[in-house]
Amino acid sequence: MLLIDCPYCGPRAEIEFAYGGEAHIVRPAADVSEAEWEAFLYLRDNTKGVLAERWRHSHGCGRFFNALRDTRTDRFLAFYEIGTPRPETGEAA
Amino acid sequence: MSGVFRLAGRGRIDPSRPVAFRFDGRLIRGYAGDTVASALLAEGRHLMGRSFKYHRPRGPVSAGSDEPNALIGVGEGGRYTPNLRATQVEIHDGLVAVSQNRAPSLRFDIGALNTLAAPLLPAGFYYKTFMWPRGFWDKVYEPLIRRAAGLGRAPEAPDPDHYALHYAHCDVLVAGGGPAGLAAALAAGRMGARVILCDENAEFGGSLLADAYSRIDGLTAMDWVARMVAELERLPNVQLLTRCSAFHYGPHNMVALNQRLTDHLAMPPADMPRERIWQVRAREVVLAAGALERALVFEGNDRPGIMLASAARTYLHRYGVACGRKAVVVTADDAAYRVALDLAEAGVKIAAIADLRPVPGGTLVEAARARGIRILPATTIQRAHGHLRVTGAELAPVGEGGAVGKGRAVACDLVLMSGGFTPSLHLHSQARGALRFDDALGVYLPGEAIERVRSAGACRGVFALDAVLRDGVAAGLAAAGGENGPEWRVTRQDAPGTGGFAGALPRRGPGHLALAFVDFQNDVTAKDVKLAVREGFRSIEHVKRYTTTGMATDQGKGSNVNALAIVSNVLGRRPEEIGLTTYRPPYTPVTFGAFAGHARGDQFDPLRLPPMDGWARARGAVFEDVGQWRRARYFPRAGEDMAAAVARECRAVRSAAGIFDASTLGKIEVAGPDAAEFMNRFYVNAWTKLGVGKCRYGLVCRDSGFVYDDGVVGRIAADRFHVTTTTGGAAGVLNMMEDYLQTEWADLDVWLTSVTEQWAVIALQGPRAREILAPLVDGLDISAASMPHMTLREGSIGGVPMRLFRVSFTGELGYEINVPSGQARAVWDRVWQAGAACGLTPYGTEAMHVLRAEKGYLIVGQETDGTMTPGDVGCGWAVSKVKPDFIGKRALALPAMNAPDRLQMVGVLTDDPLSMLEEGMQLVAAAHIPAPTSAEGHVTSSYFSPALGRSIALAMVKGGRGRMGTGLYAPCLDGPPLKVTLVDPVFYDPEGARLNG
Amino acid sequence: MVEIAEGCTLDSLPPMIRLVLQGRAAALDAAAGALGLDAVPPLLRAASGAGGQALRLGPFELMILPALGSRAGLDAALAALPHSLVDVSDRHVGFVLEGARAADILAGLCPLDFAPSSFPVGMVTRTLLDKAGAAIWRTGAQTFHIEVWRSFAPYVEAQLREVGRGISFSLLSV
Ligand SMILES: [Zn+2]
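Just so you know, these numbers come straight off a predicted model, no measurement behind them.

Conventions used here
- Residues numbered from 1 in each chain as written.
- Chains lettered and ligands numbered in written order.
- Predicted model: local features only at pLDDT ≥ 70, side-chain atom pairs only at ≥ 80, totals over all residues.
- Heavy atoms only, no water.
- Salt bridge = Lys/Arg side-chain N within 4 Å of Asp/Glu carboxyl O.
- Helix = DSSP H or I, 4+ residues; strand = E, 2+ residues; numbered from the N terminus.
- Buried < 20%, exposed > 50% of the residue type's maximum accessible area, 1.4 Å probe, protein only.
- Donors = N, O, S within 2.8 Å, 3.2 Å for Na, K, Ca; no water.
- Tetrahedral: all angles 85-135°; square planar, octahedral: opposite > 155°, others 65-115°.
- Contact = heavy atoms within 4.5 Å.
- Buried area = accessible area lost by both parts, 1.4 Å probe.
- Polar contact = N/O pair within 3.5 Å; in protein donor to acceptor, adjacent residues only side chain to side chain.
- Domains from an automatic or database assignment.
- Nonpolar A, V, L, I, M, F, W, Y, C, P; charged D, E, K, R; others polar.

### Quick look at the pattern of salt bridges
Residue and element names in this part refer to chain B.
Here is step 1 of the chain: The final tally for this structure, using the stated rule, is 68 salt bridges over all chains.
Here is step 2 of the chain: Across the salt bridge formed by R313 and D342, the nearest N and O atoms sit 3.0 Å from each other. Highlighted residues: R313 in helix α7 (residues 309-319) and D342 in helix α8 (residues 335-345), separated in sequence by 29 residues. Of the two residues examined, R313 and D342, each falls in the buried class.
Here is step 3 of the chain: We note a salt bridge from D613 to R630, for which the minimum N-O separation is 3.0 Å. Here D613 is found in helix α17 (residues 613-618), whereas its partner R630 is found in strand β33 (residues 629-634), with 17 residues between them in sequence.

### Considerations on the coordination of the zinc ion
Around a metal, the perfect tetrahedron of four donors has angles of 109.5 degrees, and the perfect octahedron of six donors has angles of 90 or 180 degrees.
Residues and elements named next belong to chain A.
Here is step 1 of the chain: Every protein donor of the zinc ion is listed here as C6 (SG), C9 (SG), H57 (ND1) and C61 (SG), and their distances to the metal cover 2.0 to 2.4 Å.
Here is step 2 of the chain: Here the zinc ion is ringed by 4 donor atoms whose angles at the metal span 104 to 117°, and the overall shape comes out tetrahedral.
Here is step 3 of the chain: Mapped onto the sequence, the residues coordinating the zinc ion show the spacing C-x2-C-x47-H-x3-C.
Here is step 4 of the chain: Residue C9 is classed as buried on the basis of its relative accessible area, which comes to 12%.

### With respect to the interface of chain A and chain C
Here is step 1 of the chain: Listed per partner, the contact involves 10 residues of chain A and 15 residues of chain C.
Here is step 2 of the chain: Here chain A and chain C share an interface that buries about 1000 Å² over both sides, 65% of which is from carbon and sulfur atoms.
Here is step 3 of the chain: Three residues, Y8(A), R12(A) and H59(A), lead the burial of chain A against chain C; their summed loss comes to 42% of the area buried on that side.
Here is step 4 of the chain: At the boundary of chain A with chain C, the tally comes to 0 salt bridges.
Here is step 5 of the chain: The tally of links from chain A across to chain C stands at 4 residue pairs in polar contact (both at pLDDT 80 or more).

### A few points about the domain arrangement of chain C
All names here are of chain C.
Here is step 1 of the chain: Each assigned domain of chain C is listed with its residue range as follows: domain 1 (2-14 + 91-172) and domain 2 (19-87).
Here is step 2 of the chain: Between domain 1 and domain 2, the C-alpha centre-to-centre distance is 25 Å.
Here is step 3 of the chain: In this assembly, 9 residues from domain 1 lie in contact with 11 residues from domain 2.
Here is step 4 of the chain: On the surface where domain 1 and domain 2 come into contact, there are 1 salt bridge.
Here is step 5 of the chain: The partner of E61 in a salt bridge is R126, and the shortest N-O contact between them spans 2.8 Å.
Here is step 6 of the chain: Linking domain 1 with domain 2 are 3 residue pairs in polar contact (both at pLDDT 80 or more).
Here is step 7 of the chain: Its residues assigned to classes, the side of domain 1 that touches domain 2 shows 4 nonpolar, 3 polar and 2 charged.

Below is the structure:
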């Protein structure tokens with residue numbers, strides 16, 4: 001079980017959280033092309049390496065936040081609030 | 001002393017406490033401290049089981065958890081547990097154990113004929129043989145194979161014990177309580193760190209419990225262990241767990257331990273859990289898992305009486321048991337010489353030590369020589385003789401270049417083998433630690449790890465006792481962040497063993513028929529592994545799967561390195577170029593009960609009870625599970641079946657009034673100055689113009705444009721909405737709302753609160769509903785004029801605060817009375833009493849479904865399947881045309897989402913009014929179309945309608961709304977297809993006159 | 001007082017008023033003032049004032065247990081500020097778990113660390129008790145106030161009893 005460091009509550013066990021998929025996916029306006037909308041809905045990188053992803057502390061403070069996780073090792077590199085940019089970690093994505 | 005092989009004055013058993021147990025029905029006597037294996041060995045008995053595939057007679061190879069052969073069934077009835085290692089099962093009075101995989105008896109087993117067929121059962125046998133004829137697989141091959149293969153049997157009665165779970169947190173978890181583990185725990189514990197030390201055995205000490213030679217600070221190894229354990233017990237910051245296996249190393253240092261609490265007790269306390277799983281979150285982990293001696297791979301190496309040299313030493317020093325009278329030792333390592341010396345000193349004759357090394361030397365070898373033990377250098381064991389017990393060995397010289405010469409037969413009743421020691425890497429590997437091959441030792445050692453873990457002692461290739469203790473201290477200090485640790489002086493010890501051997505022993509002749517086992521538990525031989533390589537398997541992972549080596553419950557503890565070496569030899573590549581297979585959890589098997597823990601029976605999952613559950617139970621309702629909720633399905637009267645009860649409940653609602661507990665509906669309060677703006681963005685509907693006190697049917701789509709949930713929304717105030725969701729969608733809708741609010745629209749001043757369980761909902765439906773309710777609502781005017789359909793009022797009912805919705809999911813005049821759930825039962829009782837004179841009838845979820853289907857109201861999740869648009873289900877009218885954006889807007893504009901041949905919701909009537917369609921039935925264009933064909937649609941809801949006196953159904957049909965009046969066919973599994981006609985989905989009161997009454 | 005393990009009791013709390021306040025900092029500040037608190041309690045901490053108790057369950061959320069008659073003052077203090085104040089008195093059922101084994105029993109159902117250094121008196125948080133959401137508030141060294149949604153109460157109570165049944169048989173020391 002992962003140990004996830006909620007930016008608001010501190011480190012908590014994974015079962016308190018819900019996974020929210022890849023982070024920084026911008027929801028386009030309603031007038032974009034069909035291809036752009038498709039990309040927003042369905043196209044993801046399936047990163048092998050450092051992935052920016054969303055979590056919600058659903059059985060805790062209830063807040064969504066972002067995390068950088070290395071999908072090869074499950075190691076977290078950073079936790080940060082929604083709306084803040086992806087932190088520089090010096091590691092390749 | 002009972003047991004002719006028991007040696008008085010030796011071992012850690014308690015001779016003053018005799019213990020009697022049964023093995024295969026026979027009474028066996030041992031002592032407190034014995035295992036089933038040690039007690040049987042004390043009687044001179046090695047035969048304890050039959051093997052997996054060939055049903056070969058087998059005895060214990062080891063004295064611990066790595067035992068592959070001596071697997072037994074223990075206990076009776078619901079407490080029967082199969083496949084336990086006899087080497088670990090502690091005996092107690094009344095214990096009942098049985099051997100496995102034999103019929104009719106252990107000594108004579110029919111299945112052993114398989115061993116004669118062994119040449120016909122090579123690696124990949126199953127893949128190769130049972131291909132044809134295809135029909136034979138289910139009826140002939142599989143049942144036969146299942147009967148012949150497999151280990152043990154499953155218990156048939158429910159498990160009467162209970163099991164516990166405990167989440168623990170510590171600074172340092174030490175897995176393994178041998179010398180390295182004890183040293184690490186003491187080093188960390190003395191610094192004040194929170195330490196957990198666990199060991200799978202009944203007592204701490206590990207290899208020291210079988211070490212009569214070493215001296216630490218002048219103490220015997222066992223006395224030193226006792227002193228260290230006593231100190232650890234005094235430290236309040238140290239948790240000691242024996243009979244507790246670390247079996248799973250999860251991400252972020254969460255390690256699962258399995259503690260066995262009662263199995264060793266004859267009379268456990270009544271409420272004592274049988275086992276407890278510890279989920280330990282450790283800041284740092286020290287693995288002190290030790291090393292396992294390797295078996296040697298030679299013909300007949302599985303005969304009972306052939307065991308690891310270290311096992312014989314353990315039986316001698318821990319249990320006071322001599323495993324035989326005359327032993328042959330075959331070794332490639334110095335350590336076996338100490339075993340030979342110890343056994344000789346205890347009176348066991350050592351017939352010979354066959355050493356694979358050309359020139360064995362060193363202190364131990366000299367000591368053996370000095371004692372007069374015959375040492376045969378450069379000698380292998382060609383084969384072992386015997387059937388139910390080894391009777392002799394053929395020892396043969398290995399010449400220059402590896403050629404094996406003519407051997408000589410040596411009679412013996414015990415063969416001890418030592419191929420050197422394999423560090424236990426299982427937990428390190430589970431922690432996703434890398435492994436590196438060590439040329440000097442010829443084994444893999446722990447490399448870099450991802451987790452915060454370090455190995456200490458023999459599990460990282462440190463073997464000399466003084467070095468092991470120093471290594472343990474260093475690991476404990478590093479884990480706890482300290483510098484000064486305890487120091488002990490090892491005053492006597494054996495030099496660390498040199499040498500070792502992996503792979504199949506050299507032999508004379510090709511040995512086409514020789515069964516030399518690599519993996520005892522899965523009956524995989526050296527020949528099988530070689531064959532796999534010859535057939536083209538190059539990756540060790542593929543060899544593993546093809547031959548099943550290392551895939552048994554012991555996870556290749558004793559076999560992996562030998563298998564690797566064989567592959568390496570055949571391919572002519574170095575072991576590190578081949579790699580090692582991944583070790584899977586669990587390290588040792590764990591009972592299902594332990595995994596289930598508290599989650600069993602009624603407590604498997606939360607059973608959520610709605611407010612009127614007690615009332616419904618008292619009235620004899622029949623219930624159904626709806627997610628975690630238990631809801632009343634119908635209320636049968638004497639003599640009624642479900643159909644009769646549901647028909648009566650439906651008629652009551654249509655003709656008088658019905659009362660229904662709708663409390664499980666999800667409810668969310670959306671409040672704040674931007675509430676209306678939020679609703680506009682979230683729902684497909686428009687909300688700005690919805691007046692206070694008004695309700696509207698709301699529909700939620702995902703951004704994919706597909707319907708996600710629905711429910712009535714009431715506007716309580718300009719800045720406050722009372723949103724309802726489906727029962728199953730409550731949590732999901734709230735999560736989706738929070739998602740968009742927090743991540744897309746964080747600027748909005750609006751907040752969401754779940755009020756599902758704040759408000760109980762009493763649905764009062766039927767033409768007489770108003771008449772029943774009006775006198776109860778403390779003066780509120782609920783007349784048709786002042787409170788029409790789709791309105792809401794706040795008020796009170798008998799003094800209880802109330803949000804009253806005039807809404808209907810039945811098509812009748814109806815109200816949903818929302819009251820605080822703590823007072824709902826009292827309100828329900830009042831309504832119930834008031835309605836008695838009007839024929840008020842309780843109805844359940846089944847009648848609710850029938851009534852809504854008669855009106856053509858969809859249920860999200862029943863008519864929809866995650867690929868339906870609002871238009872598909874006839875709700876296109878709800879979608880706002882003017883809002884600049886809402887969730888799903890862009891997707892709903894895509895051409896494919898508006899294609900004319902999309903599945904559309906329709907009503908379906910069977911031509912025969914009494915024929916019932918089944919939900920899920922396909923609808924096709926003609927009565928007889930040869931398969932395969934594609935369906936025109938499928939049935940989503942089907943009921944018998946009491947109001948119409950016939951069956952009705954809803955279906956999703958391609959372009960359905962344009963096909964009204966046309967026919968389709970529903971193929972049946974039994975009988976001819978049913979002819980159906982597509983109709984409008986509103987079967988009852990299409991004008992809605994009753995609704996607005 | 002119902003003993004569920006040696007020296008450990010589990011009792012249901014009588015009905016009480018519970019309000020969920022959500023809003024930005026200004027609204028939380030105003031509520032704290034109305035409750036007689038010096039400041040909004042830090043995240044995951046509870047505070048008590050003349051007007052009641054405030055439990056900081058999230059960055060923008062307080063659970064308020066108002067003292068009798070203090071609701072009007074709270075409404076007045078919040079009137080001019082964007083906020084959401086919702087009565088959830090009946091949504092929850094409260095329990096008190098008390099005794100030397102209380103923390104150990106919770107650790108049978110919850111992955112949090114209940115060592116006093118990690119979960120001190122005055123800390124409150126939502127978490128899980130096995131498969132049910134719950135809020136746990138440490139009101140004393142050996143006393144926990146537990147809030148669960150009403151329909152989960154029978155499940156949670158039975159789970160606490162089940163853990164209590166077996167807890168005496170272990171020497172839990174860290
Ligand atoms: Zn949080």
